[in-house]
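# Notes for the structure review
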Amino acid sequence: MLRIMNYASPESLDEAYALLTKNKKNMILGGMIWLKMEDIQIPTAIDLSKLGLDQIEEDDAEFKIGAMVTLRQLETHQAFNEATCYVFRDAVKDIVGVQLRNLATVGGSIYSRFSFSDVICSLLCLECDVQTHKHGRISLEEFVSLPYEKDIVEYIYVKKTNLLSAFVSVRRSATDLSVLNASCTKYADHYRFCFGARPAIAKVYNCDLDHIDLDVYCADNMRGSKEYRKKLVEGLTQKLLRKVESYVG
Amino acid sequence: MLVKIKVNGKLIQDDVQPQTLLLDWLRDRGCYSVKRGCDTANCGLCTVLRDGTPILSCSTLTVRCDGREITTLEGLQKEAGEFGMFMAKQGAEQCGFCSPGFIMNVLAMEKELVNPSDDEIRAYLAGNLCRCSGYMSQMRAIKAYLSRGENHE
Amino acid sequence: MNSVGKGVIKKDAMALVTGQPVYCDDLAPKDCLIIKLLRSPHAYAKIRSIDTSIAKRIPGIEAVYTYEDVPTSRFTLAGQSYPEPSPYDRRILENVVRYVGDEVAIVAGTNEDCVDRALKAIKVDYEVLEPLLNFEKSIDNAIVVHEEDDYKCLCEIGNDVKRNIVSSGESVVGDVDAVLKDCEVVLERDYHTKANAQAMMETMRSYCYIDTYGRLNCVSSTQIPFHVRRILSNALEIPKSKINVVKPRIGGGFGAKQTACCEIFTAFVTWKLKKPSKIVYTREETFAASNSRHEMKMHVRIGATKDGTIEAIDLYTLSNQGAYGEHGPTTIGLAGHKSLPLYNHVKASRFTYDVVYTNTMRAGAYRGYGATQGQFAVESIINELADELNMDPCEIRFKNMTRENEVLSQYYNEELNACALDRCLEKAMEMIDYKNKPLRRDMGDFVRGLGVSLSMQGSGISGLDVGSVEIKLQDDGFYTLSIGATDMGTGCDTILAQMVAECMDCDVDQVVTSSLDTDHAPYDTGSYASSTTYVTGMAVVKACEKLRNSILEAAAGFFDVDKEDIEFDGKKIYTLDHTHEMSLADFADTCFNGGIAKALIASDSHMSPTSPPPFMVGIAEVDVDKLTGEIKVHDYVSVVDCGTVINPNLARVQAEGGIVQGIGMALSEDITYSNEGKMRNRNFLQYKLPTRVDVPSVRVEFESSYEDNGPFGAKSIGEVVINTPTSAIASAIKHATGVQVRTLPITAEKVLLGKEDE
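From a predicted model like this one, the values you see are computed outputs, not experimental measurements.

## Let's talk about the overall build of chain C
What chain C contains, in helices and strands, is 18 helices and 29 strands. Expressed as lengths along the three principal axes of its C-alpha atoms, the size of chain C is roughly 80 × 70 × 50 Å. Per-residue burial over chain C gives 62% buried out of 758 residues. Sequence separation of at least 24 residues holds for 80% of the intrachain contacts in chain C that already meet a minimum separation of 6.

## As for the overall build of chain B
The number of helices and strands found in chain B is 5 helices and 5 strands. Reading the helices (α) and strands (β) of chain B from amino to carboxyl end gives β-β-α-β-β-β-α-α-α-α. Relative to a compact globule of 153 residues, whose C-alpha radius of gyration would be 15 Å, chain B shows 16 Å and is just as compact. Residues classed as buried in chain B amount to 61% of the 153 residues present.

## Here we look at the sheet that holds strand 3 (residues 41–47) of chain A
Residue and element names in this part refer to chain A. Spatial ordering of the open sheet is given by 1-3-2, a layout of 3 strands whose pairing is parallel. Of all strands in the sheet, those bounded by a partner on one side alone are strand 1 (3–8) and strand 2 (27–29). Here the average twist between neighbouring strands, direction ignored, is 40°. The sheet contact formed by strand 1 and strand 3 spans 5 bridges and is parallel. Residue pairing for strand 3: Tyr7 is matched across the bridge by Ala45. Relative to strand 3, helix 1 (residues 13–22) is tilted by about 170°, and along the sheet it contacts strand 1, strand 2 and strand 3.

## With respect to the environment of C:Leu600
Residues and elements named next belong to chain C. Locating Leu600 in the fold gives a position in the loop between helix 15 (584–594) and strand 26 (601–606). By C-beta crowding, Leu600 is classed as buried, having 20 other C-beta atoms within 10 Å. For the pair Leu600 and Arg548, spaced 52 residues apart in sequence, the C-alpha separation works out to 9.0 Å. Not counting residues up to four positions away in its chain, the partners in contact with Leu600 are Lys472, Leu473, Ala588 and Cys591.

## With respect to the interface of chain B and chain A
With 25 residues of chain B at the interface, the matching set in chain A holds 22 residues. Taken together, the elements giving at least two residues each to the side of chain B that touches chain A come down to strand 4 (53–56) and helix 4 (118–124) of chain B. In terms of residue count, the dominant contributor to the side of chain B that touches chain A is strand 4 of chain B (4 residues). Considered class by class, the residues forming the side of chain B that touches chain A number 12 nonpolar, 11 polar and 2 charged.

## Looking at the domain arrangement of chain B
Residues and elements named next belong to chain B. Domain annotation of chain B identifies domain 1 (2–74) and domain 2 (76–152). In this complex, domain 1 contributes 16 residues to the contact, which on the side of domain 2 involves 15 residues. Looking at the side of domain 1 that touches domain 2, the element that brings in the most residues is strand 3 (residues 47–50), giving 3 residues. Among the residues making up the side of domain 1 that touches domain 2, the classes are represented as 8 nonpolar, 6 polar and 2 charged.

## So, the sheet that holds strand 18 (residues 440–442) of chain C
Residues and elements named next belong to chain C. Ordered in space as 18-19-27-28-29, the 5 strands form an open sheet in which the pairing is mixed. The sheet terminates laterally at strand 18 and strand 29 (698–702), the two strands that pair on one side only. Along the sheet, successive strands turn relative to each other by an average axial angle of 15°, direction set aside. Here 10 bridges tie strand 27 (residues 615–625) to strand 28 (residues 631–641), and the two strands are oriented antiparallel to one another. Looking at the pairing, Asp623 lines up with Lys632 of strand 28.

## Observations concerning the packing of helix 2 (residues 77–90) of chain B against helix 5 (residues 136–146) of chain B
All names here are of chain B. Interaxial distance between helix 2 and helix 5 falls to 8 Å at its minimum, and their mutual angle equals 135°. If you check the angle between helix 2 and helix 5, you find them oblique. The handedness of the crossing between helix 2 and helix 5 is right-handed. Between helix 2, through Phe83, Phe86, Met87 and Gln90, and helix 5, the contact on the second element is made entirely by Ser137, Arg140, Ala141, Ala144 and Tyr145. The residue inventory of the contact of helix 2 with helix 5, partitioned by class, reads 6 nonpolar, 2 polar and 1 charged.

## A look at the UniProt feature "domain: Aldehyde oxidase/xanthine dehydrogenase a/b hammerhead" (unreviewed entry) in chain C
Here, UniProt's "domain: Aldehyde oxidase/xanthine dehydrogenase a/b hammerhead" (unreviewed entry) annotation points to residues 18–130 of chain C. A helix fraction of 17% and a strand fraction of 30% characterise residues 18–130 of chain C, whose end C-alpha atoms lie 51 Å from each other.

## Things to note about helix 9 (residues 226–245) of chain A
When the terminal C-alpha atoms of helix 9 of chain A are compared, their 28 Å separation across 20 residues agrees well with the 28 Å that a helix rising 1.5 Å per residue should span. The complete set of buried residues in helix 9 of chain A reads A:Tyr228, A:Arg229, A:Lys231, A:Leu232, A:Val233, A:Gly235, A:Leu236, A:Thr237, A:Lys239 and A:Leu240. Of the surrounding elements, those touching the buried residues of helix 9 of chain A are strand 9 (164–171), strand 10 (178–186) and strand 11 (190–196) of chain A together with helix 18 (748–752) of chain C.

## Brief notes about the domain arrangement of chain C
Residues and elements named next belong to chain C. If you check the domain split of chain C, you get domain 1 (13–129 + 204–280), domain 2 (132–193 + 292–400) and domain 3 (467–606). Computed from C-alpha atoms alone, the centre-to-centre distance between domain 1 and domain 3 is 38 Å. Each partner contributes to the interface: domain 1 provides 18 residues, whereas domain 3 provides 14 residues. Of all the elements in the fold, those that place two or more residues in the side of domain 1 that touches domain 3 are helix 6 (225–236) and strand 11 (243–246). In terms of residues, the side of domain 1 that touches domain 3 owes the most to one element, helix 6, which gives 4 residues. Tallied by class, the residues present in the side of domain 1 that touches domain 3 amount to 6 nonpolar, 10 polar and 2 charged.

## What about the packing of helix 16 (residues 648–667) of chain C against helix 17 (residues 724–737) of chain C?
All names here are of chain C. The interhelical angle for the contact between helix 16 and helix 17, taken along N-to-C directions, is 50°, at an axis separation of 7 Å. Of the possible angle classes, the one that applies to helix 16 and helix 17 is oblique. Here the hand of the crossing between helix 16 and helix 17 comes out right-handed. Counted together, Ile659, Gly662, Ile663, Met665, Ala666 and Leu667 of helix 16 and Thr724, Pro725, Thr726, Ile729 and Ala730 of helix 17 form the full contact between these two elements. Along the lines of polarity and charge, the residues of the contact of helix 16 with helix 17 split into 8 nonpolar, 3 polar and no charged.

## Looking at the nonpolar core
Within the largest apolar cluster, 374 residues are counted, with the highest numbers of intra-cluster contacts made by C:Val107, C:Val500, C:Ile729 and C:Ile733. Aside from chain neighbours lying at most four places away, what touches C:Val500 is C:Ile471, C:Tyr479, C:Leu481, C:Val511, C:Val540 and C:Cys544.

## What about the environment of A:Leu103?
Structurally, A:Leu103 is set in the loop between helix 5 (98–101) and helix 6 (106–112). In contact with A:Leu103, other than residues within four places in its own chain, are A:Gly31, A:Met32, A:Ile33, A:Thr70, B:Ile55, B:Leu56, B:Ser59 and B:Thr60.

## Here we look at the interface of chain B and chain C
With 42 residues of chain B at the interface, the matching set in chain C holds 41 residues. Contributing elements (two or more residues each) for the side of chain B that touches chain C: helix 2, helix 3 (99–112), helix 4 and helix 5 of chain B. Considering every element that reaches the side of chain B that touches chain C, the biggest residue donor is helix 2 of chain B, with 8 residues.

## Observations concerning helix 2 of chain B
Along an α-helix, residues three or four positions apart point the same way, because every turn accommodates 3.6 residues. Helix length check: helix 2 of chain B (14 residues) gives 20 Å between terminal C-alpha atoms against 20 Å at 1.5 Å per residue, within 8%. In helix 2 of chain B, a bend of some 30° at B:Gly84 exceeds every other bend along the element. Listed as buried for helix 2 of chain B are B:Ala80, B:Phe83, B:Gly84, B:Phe86, B:Met87, B:Ala88 and B:Gln90. Residues of helix 2 of chain B that are buried make contact with helix 3 and helix 5 of chain B together with helix 1 (13–17) and helix 16 of chain C. After helix 2 of chain B finishes, the residue B:Gly91 shows a positive phi value of roughly 75°.

## Focus: the pairing of strand 11 of chain A
Residue and element names in this part refer to chain A. Burial of strand 11 is extensive: 6 of the 7 residues sit out of reach of the surface. The sheet contact formed by strand 10 and strand 11 spans 6 bridges and is antiparallel. Residue pairing in the sheet places Lys186 in a bridge with Tyr191 of strand 11. Taken together, strand 10 and the strand that follows it, strand 11, pair antiparallel across an intervening segment of 3 residues. Pairing between strand 11 and strand 12 (residues 203–208): 6 bridges, direction antiparallel. When the sheet's bridge partners are listed, Arg192 is paired in strand 12 with Asn206. Once strand 11 ends, the chain turns through 6 residues before running back antiparallel as strand 12, passing Ala197 with a positive phi of about 55°.

## Observations regarding unusual backbone geometry
Residue A:Arg198 is joined to A:Pro199 through a cis peptide bond whose omega torsion reads 15°. Mapping A:Pro199 onto the fold places it in the loop between strand 11 and strand 12. Cis geometry marks the peptide bond from C:Leu744 to C:Pro745; its omega dihedral reads -10°. Looking at the element boundaries, C:Pro745 is found in the loop between helix 17 and helix 18.

Analysis parameters
- Residues numbered from 1 in each chain as written.
- Chains lettered and ligands numbered in written order.
- Predicted model: local features only at pLDDT ≥ 70, side-chain atom pairs only at ≥ 80, totals over all residues.
- Helix = DSSP H or I, 4+ residues; strand = E, 2+ residues; numbered from the N terminus.
- Buried ≥ 20, exposed ≤ 12 C-beta atoms within 10 Å, placed from the backbone.
- Contact = placed C-beta atoms within 7 Å.
- Rg over C-alpha atoms; globule rule 2.2 N^0.38 Å.
- Pairing = 2+ DSSP bridges.
- Axes fitted to C-alpha atoms, helices over the stretch in contact; angles between N-to-C directions.
- Nonpolar A, V, L, I, M, F, W, Y, C, P; charged D, E, K, R; others polar.
- Domains from an automatic or database assignment.
- Parallel < 35°, antiparallel > 145°, perpendicular 65-115°, else oblique.
- Left-handed = near helix turned anticlockwise from the far one by under 90°.
- UniProt positions renumbered as here; feature names shortened; annotations may be inferred.
- Expected span 1.5 Å × (residues − 1).
- Core = buried A, V, L, I, M, F, W, Y, C linked by C-beta atoms within 7 Å.
- Bend = angle between axes of the 7 residues up to and from the residue.

In structure tokens form, the structure reads like this:
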């Protein structure tokens, strides 16, 4: 059972960060989907709701997405989806249901770095940066490789590139976690592939347009064997290419 | 922690523990329509509206609803009865245990989606499990409900 | 008919859809003690000692009980008629734990928080034993799951507990080996079904309190209130007269609640402390510490001529009982007796079986009850035989299927009064346009296959189970129908009222159904084994006949004429020459005032000498993705023969719901264990029920037949509906891909990698 001794809703990010680092067991609350299943005691749970991080802003170059924006907000944001070939919507549409996606936050999904994350796999093929309190603005690819540490994900930036992207996944039933998820963006001279739920977390694989040779590390877990995932890498690669090559707005 | 939450139109002031989940708090306030079907945020039985948006009350801290408005099926008796009659005409409610959360989400869907296709309906309601009905009768009820009045105009 | 055959709205519908507090936990008193159970982390262990001293000192804790505190009688939790076939192999708590999740201690306290703390404060010293986890190695294993010397069987079930055998036996017709030896074609295959979870939306729960008379009242989400009364009496060692069991609305059961998993704990606490108490199982407890379907491995041999005449079937079934014997000796019977009779023309057939203990969660009852498993094997090998012979799977069935008026040699030699199986198959073929579709179609990115399956079940347990009802005529001329059957969402309260309305020529609204408690309801074995419509329905018909008769007799007295000269049309009672007339309401009032109110009460019970099978055909149209192996049921059609359909709406939803559970069993629902014996699929995150996105189209039609022994010609429907998807889908996938998967669930991985037997 989850126990929370104190609940704090700070007025600034600095205050939030100070609270977070005050006790090593203090935690930031995201959408709480996973957290509430834990059997832990949190001295102070920190809610970022009062910091205005629930907005999606847009300028000519990029989207700025607050960490508290819900998955549902982002999947129904028309301009964002049109600019990114709907990869985000395609990635999250199978995450349980709208009630859950109305709670789960983009920042929470990014910070948690779950190995099965469809959110990370979809954003990783885009030109996506993460702004954290400690590291400032770094690429999502770099953030994913960092160890867990006391930090606050504040914003996610997604560049407008006019490139074509796609997301596909395989699940054992409609709202299950992915057996394997995959995304791809086609650049002028190469493809940027990402494979996640291998079962390890999504990773970037770049390759030439005319020579697709992917050596994706896979392993066994409850949802699929290494052998099956290896086959899926081939299958999903073909599906991604078809989607990217045939994409019509 | 002291909170003020509007539940079904009525302002409630309460001193709640930080870890109290909205689901348990609502049931303690007599909103028995709100049910718990799982521990993993998968079933949708506990769906309520927060400021009109469907959420899982099993995964929501009560303190995070301070200053906000919560609606349960107790606050939507007329709408529940109206849609519920379409369910009953199909026998779709069966054991009824998932019905409140399901109906909450159907009513939210009605507000959010315009002329949804069958696939859009299924996608919106994917997070509402039902073990009795096999979903077909629920779909018949939804479609009849959404097209109600069409024949009379 | 005015009421039977109509899609009457369920009597409880509006209460349910408006969210009224009608379920167990909605009704529990606020001051109930909260009970939680400490469960074993080991699959097999002896408890050397338990230290509860710290737990007991936590503020709010009222009691902590261990095996030292509870009665020592053994009993079974299976809800079955006495004497139960399930062995008496458990206590409330014991110093031996036999699976991960087995109960070690009961904690009762004033709130959840203190109970959680207390659970963590109990110190248990276990002598951890090597567990027996592989049920194929159970018989004669060095590890014996039940070593106690007070183990007891009430019935002859072929038990040999020292060899880990719960039950064994055989049923032989003709000389199978001899016939098989001469068959032109013989196939031999192994099939494997898993320990599926019933997964009703309301988890196990009950609460207890002591009433004015010092009696124990147990309110439980159960299918079997009368059996719960006996189980509590056995467990607590108190007379049944001290116990009343109350059933509120139930949030689904599907057989799970035919085992009294949690009632013994609330009953024990309340009986000891004389305080109300409640227990609500978490979803995880309901998965990993209640009961499931029996996992079975089936070895089948089938012999036929080259033109597809089936001559012999030999079925051996091994059933994994888990740690305790509930429903073991009975479920196994259906694996053979409800699969082999589908092909009654064979020259010889044999069904042999063993049910074995292991250190896994105990199995119990789940819709289909063994028939589901047996039919997956038999229907799959029929499909494989058809493929082997290059014969159409429907054609081989028309050639060999059982027909009306046959005597079923593997079904206790019952004569088949009513069987529309052939018409069901014809209609299902029409529905899916079978004749114009090949079994395999290349659709570009995916391949589409067709697969077929037949099914049968029973209607109640013949010669044993009983349904009783009491009908009263009340003021104003309405009726109250008291039943002991338990509506678990299926609508039996309404269906039985429809029958009363039909018999008494009145509106269904004029009939109030009440299923109260074991003190007030007439004895009924409960709602299981597809019995309520068929068995309790017949009790309704008989009681109504009596009531009609006594109304006429009393009226004859009032009018001073012969009974034969009186007519009752449901609204009024009158003499045939119209000299006397009385409205039903006036008649009732007169009876009350005149002291002959007994004329207004009729009761009867029914036990059926036969268990007429309902039949069903399912045809699956399944898409398999060429690149990923992903499987999608594109369309599923089925036709059911449940005799006369009493309520088409409710029957249809039964069928649709059962089919989708069957689709789940076929494709996504899996139970696996870790090497240490811990169940891995213990929540909805890891155990995947079909969502509405997974099953876009399920279509159901009916072909009626008339069962002479059933009310208005009805048979059952509740269980037969789950059986067809597994083998139909497996065959559709075989036709699409060439891969015949014989171990459920059929995953995309098994199909893509061609893992047929893993």
